[in-house]
Every structure is written in C-alpha cells, then in structure tokens.
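The lines below spell out each chain.
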Amino acid sequence: MITPLSVAKAYAAAQRGVSGLASEGAAGAAGADFGAMVRGVVDNAIGASKTAEQQIVAHAQGKAQLIDVATAVSAAETSLETVLAVRDQVISAYQEIMRMPI
C-alpha cells in the first residue's frame, strides 16, 4: 500500500541519490548521465536491503531494538518502490518511443 509518507521518503531517497551523483560528476559535465543515476538508485536500494537484513539478524540476536528493524525495513521497502517506479517509467518511455512512426 502506498501512503503519502512512503512517497515522501521515496522522493527524498531519490533526491539524495541524484544530488550525490551530480556532486561526484566531472567538473565540466552538465550533470550525471541517466545510467549513473539509475545505478546509484539501485545501489542505494541494495544497501538499504542489506542494512535491513543486518538489523533483522541483530534483533534476532537481541542486539537491536524492534523500532530499528522496522525503520530499516521501511527504508528498504521505500528504496525498492523507487527502483520499481523508475523501471516502470523507463519501460513506458521505451514503449512510447517504439510506437513513434519513423
């Protein structure tokens, strides 16, 4: 279920990914290329998923609080939703381009 809070978190995560990539770009470049942005968002989602897994294991061992686990899982879910939304938009754009007459 998509809530306004999850949308806001996804937007914030995407902004952090894009601004981080833009700052890492070459000084003369106009900005990060699309492939680098997608790669950064996917890496962010993978990192959030690994963090969530670590928090679950730590909670099972009695080393982490349940709220930390819930927060990490929520962040991983939001990152995954962001990646899926970007993927859906890319597929939609590709399909639209393929429908264009030559």
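Preceding this section is the structure that the text describes.
Okay, so let's go over this structure. (Residues numbered from 1 in each chain as written. Predicted model: local features only at pLDDT ≥ 70, side-chain atom pairs only at ≥ 80, totals over all residues. Heavy atoms only, no water.)

Right, let's talk about the overall build of the chain for a bit. A count of helices and strands for the chain gives three helices and zero strands. When the helices and strands of the chain are listed from N to C terminus, the series reads α-α-α. Taken over 102 residues, the chain has a buried fraction of 20%. Sequence-distant contacts in the chain: of pairs separated by 6 or more residues, those separated by 24 or more amount to 55%. Accessible surface, the chain: about 7,500 Å² in total, of which carbon and sulfur atoms supply 64%. (Helix = DSSP H or I, 4+ residues; strand = E, 2+ residues; numbered from the N terminus. Buried < 20%, exposed > 50% of the residue type's maximum accessible area, 1.4 Å probe, protein only. Contact = heavy atoms within 4.5 Å. Areas by Shrake-Rupley, 256 points an atom, 1.4 Å probe, with all protein chains shown as cover.)

Attention now goes to the packing of helix α2 (residues 34–60) against helix α3 (residues 66–99). Interhelical geometry of α2 versus α3 gives an angle of 155° and a closest axis separation of 8 Å. By the criterion of interaxial angle, the relationship of α2 to α3 is roughly antiparallel. Remark: the crossing between α2 and α3 carries left-handed chirality. Tallied by class, residues from the contact of α2 with α3 come to 18 nonpolar, seven polar and one charged. (Axes fitted to C-alpha atoms, helices over the stretch in contact; angles between N-to-C directions. Parallel < 35°, antiparallel > 145°, perpendicular 65-115°, else oblique. Left-handed = near helix turned anticlockwise from the far one by under 90°. Nonpolar A, V, L, I, M, F, W, Y, C, P; charged D, E, K, R; others polar.)

Once that is clear, we can look at the pattern of salt bridges. Side chains that differ in charge, positive against negative, can pair when their charged atoms come close. Applying the stated criterion across every chain yields a total of two salt bridges. A salt bridge links Arg87 to Asp88; the shortest N-O distance between them is 2.7 Å. A residue is classified by how much of its surface remains accessible, and Arg87, at 44% relative accessible area, is partly exposed. The residue Glu96 makes a salt bridge to Arg99 at a minimum N-O spacing of 2.9 Å. (Salt bridge = Lys/Arg side-chain N within 4 Å of Asp/Glu carboxyl O.)

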